[in-house]
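Take a look at the letters that make up each chain.
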Amino acid sequence: MSTAAAPVRSGAVLADLLPAARHRYAVDAALVLGGAALTGIAAQIAVPVPGSPVPVTGQTFAALLIGTALGARRGFLSLALYALVGMAGMPWFAEASSGWSMPSLGYVFGMLLAATVVGALARRGGDRSMLRTAGTMVLGSAIIYAIGVPYLALSTGMSMSAAVAAGLTPFLIGDALKAALAMGVLPTTWKLLGHRG
């Protein structure tokens, strides 16, 4: 019996490499629940930013990894579950917050869209090389800010320039580090599993 990795069909994401199960829907449900829970846990890794109502957290990185690893559909469902349960009162947004009235809620909506987009890109090989992973992570981060920063401005009454200064600029170095980490982790995982895109 060969120990070589089986070929992966075109359009696969990392979650598709899990052993085949008779109950695929149960596996998908577990992945979606796990993705939401991981995002909630990562959100608790939070560092306040002076002068900003938005902390540095691990949730954006988790959301992008979940979308990339699970694909667009499961990534969307994971982040939708995370958002809906958090808005309903589960204290798993950043700094154990929840509800509808947070000025940072726009970032959660941005993560929902970003997880879907990076998941679609991953199905097209967007996580198979360092360069493609970098592009995928940069686009995902841009989507998060494109929704989060205007929402921050509207919810706080800040000007757009003030919202950019409080809700974008302080996070760029951290996002570059997260992208670099993803550039190492995702393509390496594919190579370790013996699959190339």
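The structure under discussion appears in the preceding block.
Procedures and definitions
- Residues numbered from 1 in each chain as written.
- Predicted model: local features only at pLDDT ≥ 70, side-chain atom pairs only at ≥ 80, totals over all residues.
- Heavy atoms only, no water.
- Salt bridge = Lys/Arg side-chain N within 4 Å of Asp/Glu carboxyl O.
- Helix = DSSP H or I, 4+ residues; strand = E, 2+ residues; numbered from the N terminus.
- Buried < 20%, exposed > 50% of the residue type's maximum accessible area, 1.4 Å probe, protein only.
- Contact = heavy atoms within 4.5 Å.

(A) Region of the structure containing the pattern of salt bridges. Scanning the entire structure with this criterion turns up seven salt bridges. Between R123 and D16 there is a salt bridge, with the nearest N and O atoms lying 2.7 Å from each other. Here R123 is found in the loop between α4 (105-122) and α5 (130-156), whereas its partner D16 is found in the segment before α1 (24-43), with 107 residues between them in sequence. Between R128 and D127 there is a salt bridge, and its shortest N-O distance comes to 3.8 Å. Classification of R128 by relative accessible area gives buried; the value is 13%. Accessibility expressed as a relative area gives 0% for D127, which makes it buried. A network of salt bridges, in which partner residues are shared, links D16, R24, D28, R73, R74 and R123.

(B) Inspection of the side chain of Q59 at higher detail. When you line up the elements, Q59 lands in helix α2 (residues 59-70). For Q59, the residues in contact, after removing those within four places along its chain, are T39, A42, A43, Y82, A94, V108 and M111.

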